[in-house]
Amino acid sequence: MKLSTEIEKYIHAHIDEEPEILQELKRQAHLTVIHPRMVSGHLQGRILKTFMRMIRPRHVLEIGTYLGYSALCIAEGIPENATIDTIEINDELEHKIQHFFSKSAHAHKIQLHIGNAIDIITNIPYDFDLVFIDGNKRHYIDYYNCVFDKIPCGGFIIADNTLWDGHVIEEESITTNAQTKGIVDFNEYISHDPRVEKVILPIRDGLSIIEKIKNS
Ligand SMILES: C[S@@+](CC[C@H](N)C(=O)[O-])C[C@H]1O[C@@H](n2cnc3c(N)ncnc32)[C@H](O)[C@@H]1O
């Protein structure tokens, strides 16, 4: 949720610095692409990295690469022999994404796929200990169902933007905005799914942490 500028500055001054390559990516996002706000950003990026250090997943999947900010944070945090597959539907971004990945010391852990996540996921021949869902808000339930059987019990799904700037509790937004409706439907679906344990962290735009505890 929105923090005051002063608190945000305080947090940024007292956590690990944002690596130079990510600062550059953010600058480029503001200069050259249409929705720079989609970039995870300093605080969420460091949180994602920390989660990777805590969970130590072997294979991570990301749905929605954009310019690669969150993929780079995840790659930074996972063990040396671990991998992240990240999927982006917009092929116009490929060149920019590859540019940033190639500058990272963790590039060898990252595999970029261009295309629709729903088509690509089924062709990846291994399971995932952790999936970061950050694609089209209208399709979160589809992504969730698509990855569920590819995650072992004890594996995690992290879903971004699940408070959608507070719109999830605004009746008008739910009825008129397809993205708000997508997120609200997803939150309802997860809250009634007995196969998972879940919590929503009010960080930035809402981050759901979902642990798979049983297959059915
Ligand atoms: C919020 S941005 C991702 C931001 C990125 N994860 C980060 O934190 O830096 C969402 C991205 O998902 C992509 N996207 C939307 N639908 C998708 C799909 N079905 N498959 C793969 N990518 C998709 C969009 O093109 C957009 O670049």
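Look up a bit, the structure's there.
Residues numbered from 1 in each chain as written. Predicted model: local features only at pLDDT ≥ 70, side-chain atom pairs only at ≥ 80, totals over all residues.

S.K.: Looking at this structure, how should I read helix 4 (residues 69-77)?
M.R.: In an α-helix, one turn spans 3.6 residues; hence positions three or four apart end up facing the same way. For helix 4, the tally of buried residues reaches 9 of 9 residues, placing the bulk of the element in the interior. Those residues of helix 4 lying buried are Tyr69, Ser70, Ala71, Leu72, Cys73, Ile74, Ala75, Glu76 and Gly77. (Buried ≥ 20, exposed ≤ 12 C-beta atoms within 10 Å, placed from the backbone. Helix = DSSP H or I, 4+ residues; strand = E, 2+ residues; numbered from the N terminus.)

S.K.: Is there a simple way to explain the sheet that holds strand 2 (residues 83-88) in this structure?
M.R.: The pairing of strands in a sheet comes from backbone hydrogen bonds and takes either a parallel or an antiparallel form. The 7 strands lie next to each other as 3-2-1-4-5-7-6, forming an open sheet whose pairing is mixed. Each having just a single partner strand, strand 3 (110-114) and strand 6 (196-201) make up the two edges of the open sheet. When strand polarity is set aside, the average angle formed by the axes of neighbouring strands in this sheet is 15 degrees. Sheet topology places strand 4 (residues 130-133) next to strand 5 (residues 156-160); 4 bridges connect them, and they run parallel. Residue pairing for strand 5: Val131 is matched across the bridge by Ile157. Relative to strand 4, helix 7 (residues 140-148) is tilted by about 165 degrees, and along the sheet it contacts strand 1 (59-63), strand 4 and strand 5. (Pairing = 2+ DSSP bridges. Axes fitted to C-alpha atoms, helices over the stretch in contact; angles between N-to-C directions. Contact = placed C-beta atoms within 7 Å.)

S.K.: What is the right way to read the site of the ligand from this model?
M.R.: Around the ligand, the structure places 18 residues, and the nearest of them are Ser40, Gly64, Tyr69, Ser70 and Ala117. Looking at the shell around the ligand, the elements with two or more residues in it are helix 4, strand 2 and helix 6 (117-121). Tallied by class, residues from the shell around the ligand come to 9 nonpolar, 7 polar and 2 charged. (Near = placed C-beta within 6 Å. Nonpolar A, V, L, I, M, F, W, Y, C, P; charged D, E, K, R; others polar.)

S.K.: Help me understand the pairing of strand 5, please; the structure alone is not making it clear to me.
M.R.: The side chains of a regular strand alternate between the sheet's two faces. Of all the 5 residues making up strand 5, 5 are buried; the element is thus mostly covered by neighbouring parts of the structure. Residues Phe156, Ile158 and Asp160 line one face of strand 5 and the alternating positions Ile157 and Ala159 line the opposite face, and both faces are buried. In this fold, the crossover linking strand 4 to strand 5 by way of helix 7 has right-handed handedness. Pairing analysis gives 5 bridges linking strand 5 to strand 7 (residues 207-212), with the strands arranged antiparallel. (Right-handed = clockwise from strand over helix to strand, strands pointing away.)

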